[in-house]
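# Breakdown of the fold
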Amino acid sequence: MTSRILTGITTSGTPHLGNYVGAIRPAVQASQRGNLDAFYFMADFHALIKCGDPARLQRSRLEIAATWLAAGLDPARVTFYRQSDIPEIPELSWILTCVTPKGLMNRAHAYKASVDQNLASQEDPDAGITMGLFSYPVLMAADILMFNALHVPVGRDQIQHIEMARDIAQRFSHLYGNGKERFVLPEALVDESVATLPGLDGRKMSKSYNNTIPLFEGGAKALKDAIGRIVTDSRAPGEPKTDAAQSHLYILFRSFASEQASDTFKADLIAGMGWGDAKKVLLDLLETDIAPMRERYESLIARPDDIEDILQDGARKARRIATPFLAEIREAIGLGKGMKPAAKEGKAAKKAAKAPRFVSFREQDGSFKFRLLSADGKTLLTSAAFADAQAAGQMIARIRACAAPDQCLVASAPQLNWMDEGRIAASAEAVSEEQAQQARQAIVDALRALNAQS
Ligand code: TRP
């Protein structure tokens, strides 16, 4: 249907070199190539989960928007917006929350990691865990499904979230799709060729390790200082760096240079270039790329109102799709516009109660009975009358406790008997021997399904 591409960046920090190389640059490059139907947005609702500092969040939104634009994103070619400007997204998120199994969310890596950390420090497993963190994947599913995106470029740590978005979409369509998929099922796009940059200490560059190299923040001086602090070993100038290909300086260099320039850099290290000189060469290379962007960034940051206008345009563009699509979704779930004449409960309701079940009721004469209903709501069995609700409940419990229902249930026209209790379980309709057998089989199947469930 569409090969729409969509990705978001959580606005909880200041973009660093790793964000640029891993996410921003590839997205901008993709948007410059040919015809691309791209949606890029700032996930500021997601940022609320990690960030409790309003000033920080406000600043991060501005910095990240300015970074996208400074890096060459053309808002006329893509749909560029801020998540919190699209009220349809949190609305869809709630709707999806109502079809998302809690058990699915229990398995989310980020949530599990928090629980594990709590357990390791002998805390309550849920200490410090908000519903926001727990429901994070549902909001992310809403981001993606709202626009029916097919390709979602993400880092490896986000693959599970895309799979969950697919699960949630399928679940929704199963309940409300009337036999059709309601959403395009998204796929994670993990670009193996995009480098994971090492940070100052050699571990993956990440805000949480406090080892990042700033992209624009602090200007040329901050970049120079950071490069000066990259950890190297004690080999002196003149000593060959035979393992140059693994060195952090080389990995950083390569992610900004042509293959040829990278080979020269590596060869120079092997030939004995000192780490200090290598850092100078690296800084020159980065500056060539970053300096012109930094200039644009600084002038953008100085005009926040212009950025706001761009984002408002983007929000209008996004909502031209989101508003009518959400109206369809609302219609499908029974929250359509206005009041309608009462209709019969539809398939969704029946599917929602997909399992066979026992229902108890009271007869006019005051006695208690129960029925066993099949998955699609047909009466498979109506019990005889019991004097009180407890006795009826006990019989249900006995039937449910039977591990081999086919052996407990005896069929003989015109009624079915629960083996050791003569008259207790009588099917309403069975008259012929054959019908009794069929009815018996349906009951056995239903009881097995029930057993399998519990
Ligand atoms: N969770 C993503 C991250 O932290 C950001 C994000 C939010 C996102 N919604 C999204 C990415 C939708 C892709 C699609 O990196």
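Residues numbered from 1 in each chain as written. Predicted model: local features only at pLDDT ≥ 70, side-chain atom pairs only at ≥ 80, totals over all residues.

## A closer look at the overall build of the chain
Along its length, the chain carries 17 helices and 11 strands. Against the globule reference of 22 Å for 454 residues, the chain gives a C-alpha radius of gyration of 31 Å, more extended than a compact globule. Judged by the C-alpha coordinates and their principal axes, the chain covers about 100 × 55 × 40 Å. Contacts spanning at least 24 positions in sequence make up 68% of the contacts within the chain whose residues lie at least 6 apart. (Helix = DSSP H or I, 4+ residues; strand = E, 2+ residues; numbered from the N terminus. Rg over C-alpha atoms; globule rule 2.2 N^0.38 Å. Contact = placed C-beta atoms within 7 Å.)

## A word on the site of the ligand
Taken together, the residues surrounding the ligand are Leu 6, Thr 7, Gly 8, Thr 10, Ala 43, His 46, Met 140, Asp 143, Ile 144, Val 152, Val 154 and Gln 158. Going through the elements one at a time, β1 (5-10) and α7 (131-145) are the ones with two or more residues in the shell around the ligand. With four residues, β1 is the largest single contributor of residues to the shell around the ligand. The residue inventory of the shell around the ligand, partitioned by class, reads six nonpolar, five polar and one charged. (Near = placed C-beta within 6 Å. Nonpolar A, V, L, I, M, F, W, Y, C, P; charged D, E, K, R; others polar.)

## Observations regarding the domain arrangement of the chain
Each assigned domain of the chain is listed with its residue range as follows: domain 1 (5-192 + 303-333), domain 2 (216-298) and domain 3 (353-453). Inter-centroid distance (C-alpha atoms) of domain 1 to domain 2 is 34 Å. Contact with domain 1, which involves six residues of that partner, is made by six residues of domain 2. Ranked by the residues each element gives to the side of domain 1 that touches domain 2, the list is headed by helix α3 (residues 54-70), at three residues. (Domains from an automatic or database assignment.)

## Thoughts on unusual backbone geometry
One can expect most non-glycine residues to show negative phi and most peptide bonds to be in trans. In this structure, Asn 178 is a non-glycine residue whose phi angle is positive, near 55 degrees. If you trace the backbone, Asn 178 turns up in the loop between α8 (159-176) and β5 (187-189). Positive phi values are uncommon outside glycine, yet Asn 210 reaches one of about 55 degrees. Relative to the helices and strands, Asn 210 resides in the loop between β5 and α9 (219-228).

## Considering the packing of helix α6 (residues 109-120) against α7
Close contact between α6 and α7 brings their axes to 8 Å; oriented N to C, the two are set at 155 degrees. As judged from the angle between their axes, α6 and α7 are roughly antiparallel. Of the residues in α7, those touching α6 at Ala 110, Tyr 111 and Ser 114 are Leu 133, Phe 134 and Tyr 136. Grouping the constituent residues of the contact of α6 with α7 by class yields five nonpolar, one polar and no charged. (Axes fitted to C-alpha atoms, helices over the stretch in contact; angles between N-to-C directions. Parallel < 35°, antiparallel > 145°, perpendicular 65-115°, else oblique.)

## Points about α7
Its 15 residues give α7 an end-to-end C-alpha distance of 21 Å, which sits within 8% of 21 Å, the value for a rise of 1.5 Å per residue. Of all the bends in α7, the largest measures some 45 degrees and sits at Pro 137. Of all 15 residues making up α7, 11 are buried, and the element is well covered by its neighbours. Taken together, the buried positions of α7 are occupied by Ser 135, Tyr 136, Pro 137, Val 138, Leu 139, Met 140, Ala 141, Ala 142, Asp 143, Ile 144 and Leu 145. (Expected span 1.5 Å × (residues − 1). Bend = angle between axes of the 7 residues up to and from the residue. Buried ≥ 20, exposed ≤ 12 C-beta atoms within 10 Å, placed from the backbone.)

## What about the pairing of strand β3 (residues 79-82)?
Successive side chains on a regular strand alternate, one facing one side of the sheet and the next facing the other. Burial of β3 is two-sided: the residues Thr 79 and Tyr 81 facing one way and the residues Phe 80 and Arg 82 facing the other way are all buried. Taken together, the four bridges between strand β2 (residues 38-43) and β3 define a ladder with parallel strand orientation. Within β3, the residue paired with Tyr 40 across the bridge is Phe 80. (Pairing = 2+ DSSP bridges.)

## Points about the environment of Glu 308
In this fold, Glu 308 is placed in helix α13 (residues 304-333). For Glu 308, a count of 13 C-beta atoms within 10 Å translates into the label partly exposed. Sequence separation between Glu 308 and Leu 62 is 246 residues, and the spatial gap between their C-alpha atoms is 8.8 Å.

## Side note on the nonpolar core
In this structure, Tyr 40, Trp 68, Leu 92, Ala 141, Ala 142, Leu 145 and Ala 165 are the most contacted members of the largest nonpolar core, which totals 80 residues. Among the elements that line this core, the one with the most residues is α7, at eight residues. Viewed by domain, this core spans two of them, domain 1 (5-192 + 303-333) and domain 2 (216-298), each represented by three or more residues. Excluding residues within four positions of it along the chain, Leu 145 makes contact with Leu 92, Ala 165, Ala 169 and Phe 183. Phe 358, Leu 372, Ala 392 and Met 395 belong to the second-largest nonpolar core, a separate cluster that totals 14 residues. (Core = buried A, V, L, I, M, F, W, Y, C linked by C-beta atoms within 7 Å.)

## Let's talk about the environment of Ala 389
Inspection of the secondary structure assignment puts Ala 389 in helix α15 (residues 389-401). Separated by 48 residues in sequence, Ala 389 and Gln 437 place their C-alpha atoms 29 Å apart. Not counting the four nearest positions on each side in its chain, Ala 389 is found in contact with Ser 360 and Phe 368.

## Here's the deal with the environment of Phe 183
Relative to the helices and strands, Phe 183 is located in the loop between α8 and β5. Taking the C-alpha atoms as reference points, Phe 183 and Glu 308, 125 residues apart in sequence, are found 30 Å from one another. Apart from residues no more than four positions distant in its own chain, Phe 183 is found in contact with Leu 145, Asn 148, Ala 169 and Ser 173.

## Focus on the pairing of β2
With six of six residues buried, β2 lies mostly within the body of the structure. Across the two faces of β2 the burial is the same, with Ala 38, Tyr 40 and Met 42 and Phe 39, Phe 41 and Ala 43 all buried. Summarising the sheet, β1 and β2 pair through six bridges and their orientation is parallel. Along β2, the bridge assignment pairs Ile 9 with Met 42. Crossover β1 to β2 through helix α1 (residues 17-32) is right-handed. (Right-handed = clockwise from strand over helix to strand, strands pointing away.)

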